[in-house]
Amino acid sequence: MIRVFRLVSVAEAVSFLLLLLVAMPLKYGADAEVGVQLMGPIHGVLFMAYVGMVFLVREALRWDLKRTVLALAAAVLPVAPFLVERYWTRPANTTAAGAATAAR
């Protein structure tokens, strides 16, 4: 389940960046709406999958309410799901133990 969340997180972030950096400039700069017509629904499905997956993995990752809300808020920021995937996809106890070990 966590592996799927990591995949969805990266896919959602990539689709958001493609929508913002490729499809939108094509729509408004070159009057080519096909990019938005293609990427818009793809990103929408991945956004909904990301939000749903946050609720499915929060218990397995031992996220508290604050971290869950921040992970949900990350869905509306272009690169934040990359950070969630990179730093928060390990259980909280594992992350803290790893940080304590690295500090020694």
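Note that the structure is predicted; figures quoted are calculated from it, not measured. (Residues numbered from 1 in each chain as written. Predicted model: local features only at pLDDT ≥ 70, side-chain atom pairs only at ≥ 80, totals over all residues. Heavy atoms only, no water.)

Caption draft 1: How the structure looks around the nonpolar core. Ranked by internal contacts, the top residues of the largest apolar core, which has 13 residues, are F5, Y50, V54, V57, W63, A71 and V84. Of all elements in the fold, only helix 1 (2-29), helix 2 (34-57), helix 3 (65-74) and helix 4 (80-87) reach the threshold of two or more residues within this core. The leading source of residues in this core is helix 2, at four residues. Among all residues touching V57, those that are not within four sequence positions of it are M1, I2, F5 and W63. (Core = buried A, V, L, I, M, F, W, Y, C linked by side-chain atoms within 4.5 Å. Buried < 20%, exposed > 50% of the residue type's maximum accessible area, 1.4 Å probe, protein only. Helix = DSSP H or I, 4+ residues; strand = E, 2+ residues; numbered from the N terminus. Contact = heavy atoms within 4.5 Å.)

Caption draft 2: Inspection of the environment of R90 at higher detail. With respect to the helices and strands, the residue R90 is situated in the loop between helix 4 and helix 5 (92-103). For the pair R90 and R62, spaced 28 residues apart in sequence, the C-alpha to C-alpha distance is 8.7 Å.

Caption draft 3: The environment of L56, seen in detail. The residue L56 is located in helix 2 in this model. Through-space distance from the C-alpha of L56 to that of F5 is 8.7 Å; in sequence the pair is 51 residues apart.

Caption draft 4: Structural view of helix 2. With 24 residues, helix 2 extends 34 Å from end C-alpha to end C-alpha; this agrees with the ideal 34 Å at 1.5 Å per step. Residues G35, V36, M39, H43, L46, Y50, M53, V54 and V57 constitute the buried set of helix 2. Along its buried surface, helix 2 packs onto helix 1, helix 3 and helix 4. (Expected span 1.5 Å × (residues − 1).)

Caption draft 5: Representation of the packing of aromatic side chains within the structure. A full pass over the atoms with the stated rule returns three aromatic pairs. With centroids separated by 5.9 Å and ring planes inclined at 75°, the aromatic side chains of F5 and W63 adopt a geometry described as edge-to-face. Of this pair, F5 sits in helix 1 while W63 is found in the loop between helix 2 and helix 3, placing the two residues 58 residues apart along the sequence. The exposure class assigned to W63 is buried, which follows from its relative accessible area of 5%. Where W63 meets W88, the ring centres are 6.3 Å apart and the plane angle is 70°; that geometry is what we call edge-to-face. Remark: W88 occurs in the loop between helix 4 and helix 5 and W63 occurs in the loop between helix 2 and helix 3; sequence separation between them is 25 residues. (Phe/Tyr/Trp six-rings, centres within 6.5 Å; stacked < 30°, edge-to-face > 60°.)

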